[in-house]
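# Geometric and topological summary
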Amino acid sequence: MSASPEAAPSMTDLSGHIDTPALQLSWSEAPWDSVLFGAPVLQIGTLNLRAPGAVDDIATFAEARDRAGALLVSCRLRHDQLAESMLLEQTGFRFIEMLYQPELGLAALPPSSHALVVSRATADDMPEILDAAGSAFGNERFHMDPRLPSAIGDLRYQNWVRSCLAHPQQRLHALRDGATLVAFFVTEMRADGTCYWHLTAVAPGLQGRGYGRRAWEAMLEQAQSEGASRVQTCIVARNHRVLNLYARLGFRFPPPLMTLHWVRPA
């Protein structure tokens, strides 16, 4: 193996880095997902292929991963990092999804007649929102990877929503048409004036009834009222219906990302 001493994992097998002439790689644990799977879940944060020999060097990470007993490793790359994605595929990773990060400036937001009421969610809203979160995200990577149990994905998003009531930065919003919950959003206001939409969903039983555009317009107004200068989010390419919605609302689409998974063989 050609890895130099600098390739040794740092601190713990659940986090570390490799820095050699051929490869730069860092990883850490995704603790919220480790809880779901009952085993360590890791995420690769940095991956840059520098020269031939990286296949030997990345073996250091594979050894740390196996010592940790990791069940799942995810990696998100720029769309043009094909050499890096091929390196990962040589070590058992598989392509899962292409992601877009649409964004929209709010300086000249057109008027809307959405007629929905937006409010910060409370404990009283949680049963309805949790029910929606348990079935609203079928296009996401935890549902689409056939090697993972789909129920894990449902629980993951329910846990995320549940955590928002006490989260220091993320806010859970309920959108209602009269007394009916039609959608929910998890947002975060960032220091640069960006309102980031972490989770966006129309209640599954109300999809296809025109609530999508109305909910999105309502949340654009909400972001503007909170002082945001732009909105940004992340969406998988396979969710073409919502991609079309973002396009109709005037969002721009920077270059995409891609996600790969390694799953421990059964």
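Preceding block: the structure.
Described below are features of the structure shown in this document.

Secondary structure assignment for the chain yields 8 helices and 13 strands. On C-alpha atoms alone, the chain measures out to a radius of gyration of 20 Å, which is about the 18 Å that the 2.2 N^0.38 rule sets for 266 residues. Overall, the C-alpha framework of the chain stretches about 65 × 35 × 30 Å when taken along its three principal axes. The buried share of the chain, reckoned over its 266 residues, is 48%.

Moving on, we come to the pattern of salt bridges. Scanning the model with the defined rule gives 15 salt bridges in all. Between Arg-65 and Asp-66 there is a salt bridge, with its nearest N and O atoms 3.0 Å apart. Among the ionic pairs, Asp-80 bridges to Arg-78, the shortest N-O distance being 3.0 Å. Given the relative accessible area of 46%, Asp-80 is considered partly exposed.

Further remarks concern the sheet that holds strand 12 (residues 235-236). A sheet is described by the order of its strands in space; here 7 strands give the open sequence 1-2-3-4-13-5-12, paired in mixed fashion. For this open sheet the edge positions go to strand 1 (16-19) and strand 12, each flanked by a neighbour on one side alone. Two elements, strand 4 (residues 72-78) and strand 13 (residues 257-263), share 7 bridges in a ladder whose sense is antiparallel. For Leu-77, the partnering residue across the bridge sits in strand 13 and is Met-258. Helix 3 (residues 82-90) contacts strand 2 (23-29), strand 3 (41-49), strand 4, strand 5 (94-100) and strand 13 of the sheet and is inclined by roughly 130 degrees relative to strand 3.

All right, on to the packing of helix 2 (residues 54-68) against helix 3 then. Direction vectors running N to C along helix 2 and helix 3 enclose 60 degrees, while the axes themselves pass 10 Å from each other. Considered as vectors, helix 2 and helix 3 are oriented oblique to each other. With respect to the hand of their crossing, helix 2 and helix 3 are arranged in right-handed fashion. Across the interface between the two elements, Ala-54, Val-55 and Ile-58 of helix 2 pack against Leu-87, Leu-88 and Gln-90 of helix 3. In terms of residue class, the contact of helix 2 with helix 3 is built from 5 nonpolar, 1 polar and no charged.

Even without glycine at this site, Ala-115 takes up a positive phi of about 60 degrees. Looking at the secondary structure, you find Ala-115 in the loop between strand 6 (103-105) and strand 7 (117-120). Among the residues examined, Ala-115 registers a relative accessible area of 58% and is labelled exposed.

Here Ala-132 lies in helix 4 (residues 126-133). The buried category is assigned to Ala-132, whose relative accessible area is 4%. Measuring from C-alpha to C-alpha, the distance between Ala-132 and Asn-159 comes to 12 Å, with 27 residues separating the pair along the chain. When neighbours within four sequence positions are excluded, Ala-132 is seen to be in contact with Phe-184, Ala-203 and Pro-204.

Once that is clear, we can look at the nonpolar core. Core analysis: the largest hydrophobic core is formed by 29 residues, its most contacted members being Leu-175, Trp-197, Trp-216, Leu-220, Val-231 and Phe-251. Residue assignment for this core shows that the elements contributing at least two residues are strand 9 (180-189), strand 10 (194-202), helix 7 (211-225) and helix 8 (240-248). If one sorts the elements of this core by residue count, helix 7 sits on top with 7 residues. Apart from the residues lying within four places of it in its own chain, the contact partners of Val-231 are Pro-102, Glu-103, Leu-104, Leu-106, Cys-195, Trp-197, Leu-220, Ala-223 and Phe-251.

Conventions adopted
- Residues numbered from 1 in each chain as written.
- Predicted model: local features only at pLDDT ≥ 70, side-chain atom pairs only at ≥ 80, totals over all residues.
- Heavy atoms only, no water.
- Helix = DSSP H or I, 4+ residues; strand = E, 2+ residues; numbered from the N terminus.
- Rg over C-alpha atoms; globule rule 2.2 N^0.38 Å.
- Buried < 20%, exposed > 50% of the residue type's maximum accessible area, 1.4 Å probe, protein only.
- Salt bridge = Lys/Arg side-chain N within 4 Å of Asp/Glu carboxyl O.
- Pairing = 2+ DSSP bridges.
- Contact = heavy atoms within 4.5 Å.
- Axes fitted to C-alpha atoms, helices over the stretch in contact; angles between N-to-C directions.
- Parallel < 35°, antiparallel > 145°, perpendicular 65-115°, else oblique.
- Left-handed = near helix turned anticlockwise from the far one by under 90°.
- Nonpolar A, V, L, I, M, F, W, Y, C, P; charged D, E, K, R; others polar.
- Core = buried A, V, L, I, M, F, W, Y, C linked by side-chain atoms within 4.5 Å.

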